[in-house]
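Residue strings, one per chain:
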Amino acid sequence: MSSLLVKLHTPQLTHLDELVALDQCCLGGLWTKDGYQRELMSPNSHFWVLSSDSTQTIIGCGCFWEILEEAHITLLMIAPEYQGQGLGQLLLYSLLRDALSRNLERATLEVRVSNQPALSLYQKFGFEVAGQRKGYYQQTGEDALVLWRRGLHYPQFQQELSIWQQQINDRLTANHWQLSMVEGKSKQTTVKSEQ
Ligand SMILES: CC(C)(COP(=O)(O)OP(=O)(O)OC[C@H]1O[C@@H](n2cnc3c(N)ncnc32)[C@H](O)[C@@H]1OP(=O)(O)O)[C@@H](O)C(=O)NCCC(=O)NCCS
């Protein structure tokens, strides 16, 4: 049985156009090309992306800003045709694991009150609602929920990461993916079996 390969890696400036296209498709144009360029070059912005080997395109992206001891998650998106297969949680897990490796203590983000899929995903990973920003999203006037995930530096979080890793593996396997994790930032791969 042949396989489709999806790579988990850090993006380069050559990926700018793909990131903008994915952003348009998933978030309606949150950041411009200049914005992505600035973020990719910033030492405080940490990205992880998923690339499909068959289409040679980026199909998922996550990013956080490292601010003092906090991870501010600024992006999390999976191309619509790849959603619902466990890839979003793989990306969120990767961001949190990266935050831990940088000795960060907590993570935070804003999410639209109506974005139930994202809210459910974050709560699954221990994020809790800490507040609400009225009319935060200028285009729609929608409120944002402010979420925090504390305790990244506690020993228990390491255990939680291990449990999540197993759950993510199981989920990907159930969706006919095979996960191959190779040590090293840009060398982790996920393999999906063709049906
Ligand atoms: C949010 C997003 C990244 C989730 O990615 P995904 O690959 O579809 O998510 P997964 O398949 O890994 O699902 C993981 C969890 O997310 C939640 N989830 C995902 N899709 C959901 C849906 N349609 N309804 C409710 N919960 C959902 C669930 O908790 C799910 O776990 P479960 O299947 O065990 O219940 C994706 O929907 C997306 O890119 N949305 C558009 C961009 C966006 O809104 N980003 C967040 C901005 S804050």
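Here we summarise the structure given alongside this text. The written sequence of each chain sets the order in which its residues are numbered from 1. Reporting in this predicted model follows two pLDDT cut-offs: at least 70 for local features of residues, and 80 or more for side-chain atom pairs to be given and counted; totals over whole chains, interfaces and linings ignore these cut-offs and use all residues.

A closer look at the overall build of the protein
A helix here means a DSSP run of H or I that spans at least four residues, while a strand means a run of E at least two residues long, and both kinds are numbered starting from the N terminus. On a plain count of helices and strands, the protein comes out with five helices and nine strands. Listed N to C, the secondary structure of the protein is β-α-α-β-β-β-α-β-α-β-β-α-β-β in terms of helices and strands. Counting across all 195 residues of the protein, residues that qualify as buried make up 28%. Residues with at least 20 other C-beta atoms within 10 Å of their own are called buried, those with 12 or fewer are called exposed, and the rest are partly exposed. The C-beta atoms themselves are positioned from the backbone.

Digging into the nonpolar core
For this entry, the nonpolar core is defined as buried Ala, Val, Leu, Ile, Met, Phe, Trp, Tyr and Cys residues connected by C-beta atoms within 7 Å. Core analysis: the biggest nonpolar cluster contains 40 residues, and L50, C61, L91, L95 and A99 have the highest contact counts within it. Element by element, the count of residues in this core is highest for helix 3 (residues 87–101), at eight residues. As annotated, the domain borders come from an automatic or database domain assignment. Summarising the domain contributions, this core has at least three residues from each of domain 1 (3–105 + 165–193) and domain 2 (109–150). Contact partners of L91, with chain neighbours within four places excluded, come to W48, L50, G60, G62 and L76. Contacts are defined on C-beta atoms placed from the backbone: any two residues whose C-beta positions lie within 7 Å are in contact.

Considerations on the pairing of strand 3 (residues 57–67)
One bridge is not enough; two strands pair if DSSP finds at least two bridges between them. Here eight bridges tie strand 2 (residues 45–52) to strand 3, and the two strands are oriented antiparallel to one another. Counted as the bridge partner of S45 is W65 from strand 3. Hairpin connection between strand 2 and strand 3: a loop of four residues separates the two successive antiparallel strands, and Q56 in this loop has a positive phi of roughly 55°. Here strand 3 pairs with strand 4 (residues 70–78) via eight bridges, running antiparallel. Within strand 4, the residue paired with C61 across the bridge is M77. Between strand 3 and strand 4, which follow one another and run antiparallel, lie two residues, and L68 among them has a positive phi close to 50°.

Here we look at the environment of T173
Relative to the helices and strands, T173 is located in helix 5 (residues 155–174). On the neighbour-count criterion, T173 (13 C-beta atoms within 10 Å) is partly exposed.

Digging into the site of the ligand
For each residue, a C-beta atom is placed from the backbone, and the residue counts as near a molecule or strand when that atom lies within 6 Å of it. Around the ligand lies a shell of 20 residues, among which Q83, G88, P117, S120 and L121 are the nearest. Sorting the residues of the shell around the ligand by element identifies helix 1 (16–27), strand 4, helix 3 and helix 4 (116–124) as the ones contributing at least two each. In terms of residues, the shell around the ligand owes the most to one element, helix 4, which gives six residues. When its residues are assigned to classes, the shell around the ligand shows ten nonpolar, nine polar and one charged. Each of domain 1 (3–105 + 165–193) and domain 2 (109–150) accounts for three or more of the residues forming the shell around the ligand. In this count, Pro and Cys sit with the nonpolar residues alongside Ala, Val, Leu, Ile, Met, Phe, Trp and Tyr, while Asp, Glu, Lys and Arg are called charged and the others, Gly among them, polar.

Concerning the packing of helix 3 against helix 5
In the contact formed by helix 3 and helix 5, the axes pass within 11 Å of each other and the chain directions differ by 155°. Considered as vectors, helix 3 and helix 5 are oriented roughly antiparallel to each other. Crossing angle aside, the handedness with which helix 3 passes helix 5 is left-handed. Here helix 3 contributes Q89, L90, Y93, R97 and L100 to the contact with helix 5, which in turn contributes F157, L161, W164, Q165 and I168. Axes here refer to lines fitted to C-alpha atoms; in helices the fit is confined to the stretch in contact. Angles between the N-to-C directions go from 0 to 180 degrees. Between 65 and 115 degrees an angle is taken as roughly perpendicular, under 35 as roughly parallel, over 145 as roughly antiparallel, and anywhere else as oblique. Crossing chirality is assigned from the near helix's rotation relative to the far helix, an anticlockwise turn below a right angle marking it left-handed and a clockwise turn marking it right-handed.

What to know about the packing of helix 1 against helix 2 (residues 33–41)
The relative placement of two packed helices is expressed as an angle between their axes plus a distance between the axes. Contact geometry for helix 1 and helix 2: axes closest at 9 Å, N-to-C directions at 120°. On the basis of the axis angle, helix 1 is oblique to helix 2. Relative to helix 2, the crossing made by helix 1 is right-handed. Residues L16, L19 and V20 of helix 1 form the contact with helix 2, whose own contacting residues are K33, Y36 and Q37. A breakdown of the residues in the contact of helix 1 with helix 2 according to their chemical character gives four nonpolar, one polar and one charged.

Comments concerning the environment of A118
Tracing the chain through its elements places A118 in helix 4. In the structure, A118 is positioned 29 residues away from Q89 in sequence and 9.9 Å away in space, judged by C-alpha atoms.

Side note on unusual backbone geometry
The phi dihedral of Q56 falls on the positive side, at around 55°, and the residue is not glycine. Here Q56 lies in the loop between strand 2 and strand 3. The class for Q56 is exposed, based on 8 C-beta atoms found within 10 Å. Even without being a glycine, L68 presents a positive backbone phi close to 50°. Secondary-structure assignment places L68 in the loop between strand 3 and strand 4.

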